[in-house]
Amino acid sequence: NAFLVKTLNKWAFSYTQKIYSQKKIYLFDTGLKTLLTGKQDLGFKAENAIFIHLVKQNLSLGYFAEAKKEVDFIIGGKKNPLPIEVKYVEKLTMDDKRLSGLLLFLNRFSKAKKAVVVTKSFEKEENYRKTKIKFIPLWQFLFYSLTENK
């Protein structure tokens, strides 16, 4: 199973939209991608590591995409979704364009009480309307169990 590939469906309320929308592909062994493309693209590897971490927790999982904007992972349903965005960078502010997908999601689904942005090395908390956004380093997130901290 060294080349195990898994797909992620779009987070949607319509079964048809989930099934027929574009899938995201993740590898359970990123060594193959490194062989093909080299050691760059640490952002992909960080996102892939988080995907594996979430799959191992057996969570209801999808991705959000709308208006050419995206949130990497959405856990849960419409009543209390948890968006998780991976931005493997040193610093990030709320007005950064790289967070436009997350902000679009939070505007559309105001019942989200929490959001997580996984970073390279910094942590902080911000409030966006009624949502608490936690910026957390990748290494710390990988020790974090979402099933224990709902």
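One can find the structure itself at the top, above this paragraph.
(A) Looking closely at helix H3 (residues 42-56). Here H3 spans 21 Å end to end across 15 residues, near enough to the 21 Å set by a 1.5 Å rise per residue. Taken residue by residue, H3 has Phe44, Ala46, Glu47, Asn48, Ile50, Phe51, Ile52, His53 and Leu54 as its buried positions. At the C-terminal side of H3, Asn58 shows a positive phi close to 55 degrees.

(B) Spotlight on the environment of Lys68. Here Lys68 shows up in the loop between strand E3 (61-66) and strand E4 (69-75). Separated by 33 residues in sequence, Lys68 and Gly101 place their C-alpha atoms 8.3 Å apart.

(C) Focus on the packing of aromatic side chains. Following the criterion strictly, the structure yields 9 aromatic pairs and no others. Seen from their ring centres, Phe122 and Phe135 are 5.9 Å apart, and the 25 degrees between their planes marks the pair as stacked. Taken together, the residues span a long stretch of sequence, with Phe122 in the loop between strand E6 (114-119) and strand E7 (124-128) and Phe135 in strand E8 (residues 131-137) at a distance of 13 residues. On the basis of relative accessible area, Phe135 is assigned to the buried category, the value being 1%. What links up through ring pairs into an aromatic cluster is the set Trp11, Phe64, Phe105 and Phe109. Against the face of Phe73 rests Lys24, its NZ or CZ located 5.8 Å from the ring centre. Between the NZ or CZ atom of Lys124 and the centre of the ring of Phe135, over which it lies, the distance is 5.1 Å.

(D) Representation of the sheet that holds E3 in the model. The 6 strands are arranged E3-E4-E5-E6-E8-E7 in an open sheet whose pairing can be described as mixed. Bordering the open sheet on either side are E3 and E7, each of which pairs with just one other strand. If you compare each strand with its neighbour and ignore which way they point, the axes differ by 25 degrees on average. Across 5 bridges, the pairing between E7 and E8 is antiparallel.

(E) Representation of a positive patch on the surface within the structure. A grouping of Lys78, Lys79, Lys111 and Lys113 is seen on the molecular surface, where their side chains present a positively charged patch. Structurally, the position occupied by Lys78 is in the loop between E4 and strand E5 (82-86).

(F) Broad picture of unusual backbone geometry. The phi angle at Ala67 is positive, at roughly 55 degrees, despite the residue not being glycine. For Ala67, the location among the structural elements is in the loop between E3 and E4. Accessibility expressed as a relative area gives 60% for Ala67, which makes it exposed.

(G) Spotlight on the nonpolar core. Leu102, Phe105, Leu106, Ile133 and Phe135 are the most contacted members of the largest nonpolar core, which has 20 residues in total. Residue contributions to this core peak at 4 residues, all from helix H4 (residues 100-108). Residues within four places of Phe135 in sequence aside, it is in contact with Leu92, Met94, Leu99, Val117, Thr119, Phe122, Glu123, Lys124 and Glu126. In terms of nonpolar packing, the next biggest core, distinct from the first, is built from 19 residues, Ile50, Leu54, Leu59 and Val116 among them.

(H) Structural view of the pattern of salt bridges. According to the stated counting rule, one finds 9 salt bridges in the structure shown. Between Glu85 and Lys87 there is a salt bridge, with the nearest N and O atoms lying 2.9 Å from each other. Summarising the burial analysis for this pair, Glu85 and Lys87 share the class buried. Residue Glu126 is joined to Lys124 by a salt bridge in which the shortest nitrogen-to-oxygen separation is 3.3 Å. Relative accessible area serves as the criterion here: at 26%, Lys124 is assigned to the partly exposed category. Residues joined by salt bridges that share partners form a network here, namely Lys24, Glu47, Glu70 and Asp72.

The rules we used
- All residue numbers here refer to positions counted from 1 along the written sequence of the relevant chain.
- Where totals are concerned, whole chains, interfaces and linings use all residues; where local detail is concerned, this predicted model gives features only for residues with pLDDT of at least 70, and gives and counts side-chain atom pairs only at 80 or more.
- Side-chain descriptors were evaluated using all non-hydrogen atoms of the structure, hydrogens and water having been removed beforehand.
- Runs of E in the DSSP output that reach at least two residues are strands. Runs of H or I that reach at least four are helices, and both are numbered from the N terminus.
- What a helix should span is 1.5 Å times the count of its residues minus one.
- Here's how the labels work: a residue is buried when its accessible area is under 20% of the maximum for its type, exposed when over 50%, partly exposed in between, all with a 1.4 Å probe on protein chains only.
- Aromatic rings from Phe, Tyr and Trp, with only the six-membered ring used for Trp, were paired whenever their centres fell within 6.5 Å, and each pair was classed as stacked if the ring planes differed by under 30 degrees, edge-to-face if by over 60, and tilted otherwise.
- For a lysine, the NZ atom is tested; for an arginine, the CZ atom; a charge sits over a ring if that atom is within 6 Å of the ring centre and within 35 degrees of the ring normal.
- When DSSP locates at least two bridges between a pair of strands, those strands are taken to pair.
- Note on geometry: axes are C-alpha line fits, over the in-contact stretch for helices, and angles between N-to-C directions span 0 to 180 degrees.
- Patches here: salt-bridge-free residues with over 30% relative accessible area, like charges joined within 9 Å, nonpolar side chains (Val, Leu, Ile, Met, Phe, Trp, Tyr) joined within 5 Å.
- Under the convention used here, a 1.4 Å probe and the Shrake-Rupley method define accessible areas, while residue burial counts only the protein chains that appear.
- For this analysis, a salt bridge means a side-chain nitrogen from Lys or Arg found within 4 Å of a carboxyl oxygen belonging to Asp or Glu.
- Two residue types count as positive, namely Lys and Arg, and two as negative, namely Asp and Glu; His and chain ends fall outside the count.
- Lys charges are placed at NZ, Arg charges at CZ, Asp charges at CG and Glu charges at CD.
- Among buried residues, the Ala, Val, Leu, Ile, Met, Phe, Trp, Tyr and Cys ones that are joined through side-chain atoms within 4.5 Å form a nonpolar core.
- Contact criterion: two residues are considered in contact whenever any of their non-hydrogen atoms come within 4.5 Å of each other.

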